[in-house]
Amino acid sequence: IGYVPNLELHQARLQSSRKRLQACGGVGTLPKGWPQVLQGPLVWSGSELQTSNEWAYDFSEMDMKEIFSALEYCKGLKLDLSQVGKTTFPLPRLGQTLQDLSLKLHSGRGFFVLKGLDPTSFTREENVILYLGISSYIAEQRGRQSHDGNLISHVTDAVLSKTPRPDRPSLYSNVGQPYHNDIAPDILALYCLNSAISGGKSCIASSWTVYNELAATRPDILRTLSENTALKQRNSSGGYTFLKNHALLHNNSEGRPILNFARRTLTSNDNFPRTKDSPSFEPLTESQAEALDAIHFTAVNHGLELNLLPGDMCFINNFALMHGRSAFEDSDESKRYLLRLWLRDPEKAWAIPEGLRKVHDLVF
């Protein structure tokens, strides 16, 4: 199994697993205490939302005046960027709207996009202030994204890097990304400063929809994903050393299943082949490889494509949705560039499962 999902290999595994399951008595049942069917607005398919724009909020003229005023006020305080927040970036009317939108992340469809800003109208520092100020009304707590404590990441193709693109962290490459979750945040936030000349579209899918389909047809796959030692994650650059021997699917204390995994750390590539002799990690079993691909291809069937344009801010419930990206090409005139935050609202946040608590505490 490789980083890039292969549909033909997945279909071959499905054929093989049918024989294996028949020999051992069928697909079985879900783990004890896990919900049979998830319901609510988080259960959706991209086909239902593709022609709708109800997940987008366009800033009005009044909103923009308030944003400009908050920016000037915040700049006048001459603060460190880490001090930009609701009290230093005042949005007395729009702030309440943003806090209402935050509810959609935690108890609604799990995502929305803010539209209307023009990044070219601001300096780089002003764009960062705008991003931090606006996002603080969605969720004010920011997570560390590296061992150095960086709270903001730059997502762009690092063309000056000496590392080949396929071997770089996905933040700094133009290769496509299969469906995955970021490793720890409650909320993933992206601010698009510029888009690629072609490709680079974001895609999202409801983990709850994927769960329901697999629970109805292949509960054995959900059992594999929920085993504490089912899938071992290698400590890659930028990763955390204790992300080993942990389940990829968790059932939190509120009865909300949480899928949390990064495919790159689980599958092989040319530089890190997964073999029985490899000291870095153990080979996956056939059932584990089938489970990883089943997540991806089920998500593909229900995914929604988001074409983020310059000025768009996208907020995603990382515990309820998966996301990915198509490969892209830049030009001298148009280079894909996004800013990323990991966020949490302690008041609205979901309960963190025991299996994710250690890394979550490290980030937040």
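Residues numbered from 1 in each chain as written. Predicted model: local features only at pLDDT ≥ 70, side-chain atom pairs only at ≥ 80, totals over all residues. Heavy atoms only, no water.

1. What to know about the packing of aromatic side chains
Tallied over the full model, the rule gives 7 aromatic pairs. Each ring, one from Trp55 and one from Phe111, has its centre 5.9 Å from the other, and the planes form 40 degrees; the classification is tilted. Separated by 56 residues along the polypeptide, Trp55 in the loop between α2 (46-49) and β1 (56-58) and Phe111 in strand β2 (residues 111-115) bring together distant segments of the chain. There is no split in this pair, since Trp55 and Phe111 are both buried. Between Tyr57 and Phe59, the aromatic rings sit 6.0 Å apart at their centres with planes inclined by 80 degrees, giving edge-to-face as the arrangement. By relative accessible area, which is 21% here, Tyr57 ends up partly exposed. Relative accessible area serves as the criterion here: at 10%, Phe59 is assigned to the buried category. Members of the aromatic cluster, connected to one another through ring pairs, are Trp44, Trp55 and Phe111. (Phe/Tyr/Trp six-rings, centres within 6.5 Å; stacked < 30°, edge-to-face > 60°. Helix = DSSP H or I, 4+ residues; strand = E, 2+ residues; numbered from the N terminus. Buried < 20%, exposed > 50% of the residue type's maximum accessible area, 1.4 Å probe, protein only.)

2. Considerations on the pairing of strand β12 (residues 313-317)
Most of β12 sits inside the fold, with 5 of its 5 residues counted as buried. Side chains Met313, Phe315 and Asn317 of β12 all project onto a buried face; the interleaved residues Cys314 and Ile316 project onto the opposite face, where all are buried too. For β2 and β12, the ladder comprises 4 bridges, and the chain directions are antiparallel. From the neighbouring strand, Phe111 faces β12, where its bridge partner is Ile316. In the sheet, strand β6 (residues 187-194) pairs with β12 via 5 bridges, with the strands oriented antiparallel. Of the residues in β12, the one forming a bridge with Tyr191 is Met313. (Pairing = 2+ DSSP bridges.)

3. Let's talk about the pattern of salt bridges
Side chains carrying opposite charge are able to pair once their charged atoms draw close together. Counting across every chain of the model gives 20 salt bridges. The closest approach of N and O atoms between Lys115 and Asp312, which form a salt bridge, is 2.8 Å. Placement of Lys115 in strand β2 and of Asp312 in the loop between β11 (304-306) and β12 is noted, with a sequence separation of 197 residues between them. The pair formed by Lys115 and Asp312 is uniform in burial state, with each residue classed as buried. A cluster of three or more residues bridged by salt bridges with shared partners is formed by Arg13, Arg263, Glu286 and Asp293. (Salt bridge = Lys/Arg side-chain N within 4 Å of Asp/Glu carboxyl O.)

4. Structural notes on the sheet that holds strand β5 (residues 177-180)
In spatial order, the strands read β5-β13-β8-β11; together these 4 strands make up an open sheet with antiparallel pairing. Each end of this open sheet is capped by a strand with a single partner; those strands are β5 and β11. Across this sheet, the average inter-strand angle for adjacent strands is 20 degrees, counted without regard to direction. Bridge count between strand β8 (residues 202-206) and strand β13 (residues 321-325): 5 bridges; the pairing is antiparallel. Its bridge partner being in β13, Ile204 is matched across the sheet by His323. Across the face of the sheet, helix α6 (residues 207-217) comes into contact with β8 and β13 while running at roughly 50 degrees to β8. Sheet contacts for helix α8 (residues 286-302): β5, β8, β11 and β13; angle to β5, the most-contacted strand, approximately 95 degrees. (Axes fitted to C-alpha atoms, helices over the stretch in contact; angles between N-to-C directions. Contact = heavy atoms within 4.5 Å.)

5. Considerations on the pairing of β2
Counting buried residues in β2 gives 5 out of 5 residues, a clear majority hidden from the surface. Residues Phe111, Val113 and Lys115 of β2 are buried on one face, and the alternating residues Phe112 and Leu114, pointing to the opposite face, are buried as well. The sheet contact formed by β1 and β2 spans 3 bridges and is parallel. Pairing of Tyr57 across the sheet is with Leu114, part of β2.

6. Quick word on the packing of α6 against α8
At their nearest, the axes of α6 and α8 sit 9 Å apart, and the two run at 115 degrees to each other. Note on packing geometry: the crossing formed by α6 with α8 is right-handed. Here Thr209, Val210, Glu213 and Leu214 of α6 come into contact with α8, specifically with Ala294, Ile295, Thr298, Ala299 and His302. By residue class, the composition of the contact of α6 with α8 is 5 nonpolar, 3 polar and 1 charged. (Left-handed = near helix turned anticlockwise from the far one by under 90°. Nonpolar A, V, L, I, M, F, W, Y, C, P; charged D, E, K, R; others polar.)

7. Re helix α7 (residues 219-226)
Every α-helical turn comprises 3.6 residues, leaving residues that sit three or four positions apart pointing alike. For α7, the buried fraction is high: 7 of the 8 residues fall into the buried class. Summarising the contacts, the buried residues of α7 are in contact with α1 (7-24), α6, β9 (249-251) and α8.

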